[in-house]
Amino acid sequence: MDETSTVCANHVQHAQSAHQSLTRSMMEIRPQITLAGVHQQAADAAAMLSSIRSAMLAPMVRKAAPSFSADQVATLCEASSRGSFAHRVASRKDMPSGTLVSNGRKRIFTLAETRQWVRDYRKDMLRPEGAEAITISIANFKGGTTKTTTAMTLAQGLTLMGHKVLVIDTDPQASLTTLFGILPDVEINAQDTIMSLADGSSTTVRPMIRSTYWDGLDLVPAASSLFDAEFMLPSRQGKEGLSGFEFYKVLDLGIDDVRADYDVIIIDSPPALSYLTINALMAANGIIMPLPPETLDFASSTQFWSLFSDLTETMLEGRGQTKSFDFINILLSRVPPKAGRGASTTADAVREWIGATYKEKVLPLEIPRTSIASQKSSGFGTVYDSEAGDAKDKTYKRARDAYDLFVQHIEVSVRNAWARQLPPPAGGLYGTTPLRMEA
């Protein structure tokens, strides 16, 4: 029998075997799945995730912040030259000098030491006295748009520019909490989340704030128990509405007493226009929507703004209230490479739709779809959770450069928002010359 005949025979045999297996499955009457079976499946899934996370974060089951070379610190500080930074390290006895390694030939700085130097160099670009935290909500109806990754990378990137950041996870799926190396349903109780605001047991997020592995970045975590907020908030509105309770202001009021403690507060919202998402949006000074250039994602985004518009009209304007945002941005995410000359793809067409629809709200940058982002995500990390050798990887550099540019643009919006909080300068009105990114 020749090779072709052998391949055909094997193919036929495989098809027959598959058909027999399907026939047996159709004839087999399996027992129904009870709620006890559902509970067991949930337990098995949680156990598997715990096992995977433990393996990926072994041996301490905790993430560790990256360290930085002297050259990297000089770049983050925007020092005029590496030599000038080295001279300042040698002369400033009040600042950390790092740790010498490789037989004294290389100097390494921890994240905390790096941020101390960045804040020293960039002190004129940090939050001015009299201003308070700018709150940014990351929102989108649809999953898979990199919403949580966007929240995490923005938070990390802003800390590397010297800012102190609080992130609040309002998504019961708790993906953002997991990115911090925390197993939500094992380590987080309902009272550790903003469920305490929803049920009225607390009026501030302060007791829920915890430090993280990343210096300058604190977290209010989430867990699946936060789903109960979707029932608690409307229930309280029905019972307490006549006495002035407004369900959509619970989070906004809950962060009031910590606004002076942080430069930026970032809220990761659920992928739906839920009671929790409404709270995230109502607490925000700015909104960022990550939006991949895909047809379904674009259609979902138009639904989001339509429903949000209807909601605010009923919920706010119907009560004689209003709401303003310092900025609303659309971030093109998971962008595939452009087609070659003379060719086009669906993504290219959707890019044009997004630009025509959202105009100046579209940030002038794109987050590329790269394998490195997937690799980092699978390890509960981001491009800022760098490892030795990452800097030499061209794909990593392309993703890192894109996120760096994104963070820089948002910092400009944050600084403009701070300026609006302050009294107008003597002899002029604020707002005539807002900060802009250099071309």
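All values derive from a computational prediction rather than experimental measurement. (Residues numbered from 1 in each chain as written. Predicted model: local features only at pLDDT ≥ 70, side-chain atom pairs only at ≥ 80, totals over all residues. Heavy atoms only, no water.)

**Description of the overall build of the protein chain**
Along its length, the protein chain carries 16 helices and eleven strands. For the protein chain, the share of sequence-separated contacts (at least 6 apart) that also reach a separation of at least 24 residues comes to 78%. Surface summary for the protein chain: the accessible area is close to 22900 Å², and the carbon and sulfur share equals 54%. (Helix = DSSP H or I, 4+ residues; strand = E, 2+ residues; numbered from the N terminus. Contact = heavy atoms within 4.5 Å. Areas by Shrake-Rupley, 256 points an atom, 1.4 Å probe, with all protein chains shown as cover.)

**Topic: the sheet that holds strand β2 (residues 99–101)**
The pairing of strands in a sheet comes from backbone hydrogen bonds and takes either a parallel or an antiparallel form. In spatial order, the strands read β1-β3-β2; together these three strands make up an open sheet with antiparallel pairing. Either end of the sheet is taken by a strand with one partner, and the two such strands are β1 (68–69) and β2. Against the sheet, helix α5 (residues 111–121) touches β1 and β3 (106–109), its axis set at about 90 degrees to β3. (Pairing = 2+ DSSP bridges. Axes fitted to C-alpha atoms, helices over the stretch in contact; angles between N-to-C directions.)

**Description of the confidence of the model for the protein chain**
Looking at the protein chain as a whole, its pLDDT mean stands at 87, while 84% of the residues score no less than 70. Predicted confidence for residues 428–432 stays below pLDDT 50, and this span has five contacts to residues more than four positions away or in other chains. (pLDDT = per-residue confidence, 0-100.)

**Here's the deal with helix α14 (residues 346–358)**
The first and last C-alpha atoms of α14 sit 18 Å apart over 13 residues, in line with the 18 Å expected at 1.5 Å per residue. Along α14, the residues classified as buried are A347, D348, V350, R351, I354 and Y358. The buried residues of α14 occupy an angular sector of 165 degrees when the element is viewed end-on, so they sit on one face. Counted as exposed and oriented over 90 degrees from the buried face of α14: E352 and A356. Contacts from the buried residues of α14 go to β9 (286–291), α13 (295–315), β10 (327–335) and β11 (362–368). (Expected span 1.5 Å × (residues − 1). Buried < 20%, exposed > 50% of the residue type's maximum accessible area, 1.4 Å probe, protein only. Arc of directions from axis to C-beta.)

**Some points on the environment of T346**
Residue placement: T346 occurs in helix α14. Considered as a pair, T346 and P293 are 53 residues apart in the sequence and their alpha carbons are 8.0 Å apart. Apart from the residues within four sequence positions on either side, T346 is in contact with P293 and T295.

**Remarks on the sheet that holds β9**
Across the sheet, which stays open at both edges, the eight strands sit in the order β6-β7-β5-β8-β4-β9-β10-β11 with mixed pairing between neighbours. Each edge of the open sheet is held by one strand with a lone partner, namely β6 (210–211) and β11.

**Points about the environment of L365**
Mapped onto the elements of the fold, L365 is located in strand β11. Taking the relative accessible area as the measure of exposure, L365 reaches 7% and is therefore buried. Considering only alpha carbons, one finds L365 and L405, 40 residues apart in sequence, at a separation of 7.4 Å. Apart from the residues within four sequence positions on either side, L365 is in contact with L331, L332, A402, L405, F406 and H409.

**Some details on the pairing of strand β4 (residues 134–138)**
Among the five residues of β4, five are classified as buried, and the element is accordingly described as predominantly covered. Sheet analysis places β4 next to strand β8 (residues 264–268), joined by five bridges and oriented parallel. In the sheet register, I136 faces β8, and the bridge partner there is I266.

**Brief notes about α5**
Here α5 lies mainly inside the structure; eight of its eleven residues are buried. Within α5, burial applies to L111, E113, T114, R115, W117, V118, D120 and Y121. Close packing links the buried residues of α5 with β1, α3 (70–76), α4 (82–91), β3 and α6 (147–159).

**What to know about the pairing of β3**
The pairing of β1 with β3 spans two bridges and is classified as antiparallel. Bridge pairing in β3 links F68 to F109. In the sheet, β2 pairs with β3 via three bridges, with the strands oriented antiparallel. When the sheet's bridge partners are listed, T99 is paired in β3 with I108.

**Details of the pattern of salt bridges**
Scanning the entire structure with this criterion turns up 23 salt bridges. Two residues, K142 and D297, come together in a salt bridge whose shortest N-O distance is 3.3 Å. Note that K142 is positioned in the loop between β4 and α6 and D297 in helix α13, a separation of 155 residues in sequence. Residue classification places K142 among the partly exposed positions, given a relative accessible area of 28%. (Salt bridge = Lys/Arg side-chain N within 4 Å of Asp/Glu carboxyl O.)

**Concerning the side chain of R122**
When you line up the elements, R122 lands in the loop between α5 and β4. Apart from the residues lying within four places of it in its own chain, the contact partners of R122 are L76, C77, E78, M161, H163 and E411.

**A few points about the packing of aromatic side chains**
A complete count under the given rule lists 14 aromatic pairs for this structure. Here the aromatic rings of F141 and F304 are separated by 5.1 Å at their centres, their planes lie at 75 degrees, and the arrangement is edge-to-face. Of this pair, F141 sits in the loop between β4 and α6 while F304 sits in helix α13, and the two are 163 residues apart along the sequence. This pair shows no difference in class: F141 is buried, exactly as F304 is. Against the face of Y121 rests R88, its NZ or CZ located 4.1 Å from the ring centre. (Phe/Tyr/Trp six-rings, centres within 6.5 Å; stacked < 30°, edge-to-face > 60°. Lys NZ or Arg CZ within 6 Å of the ring centre and 35° of its normal.)

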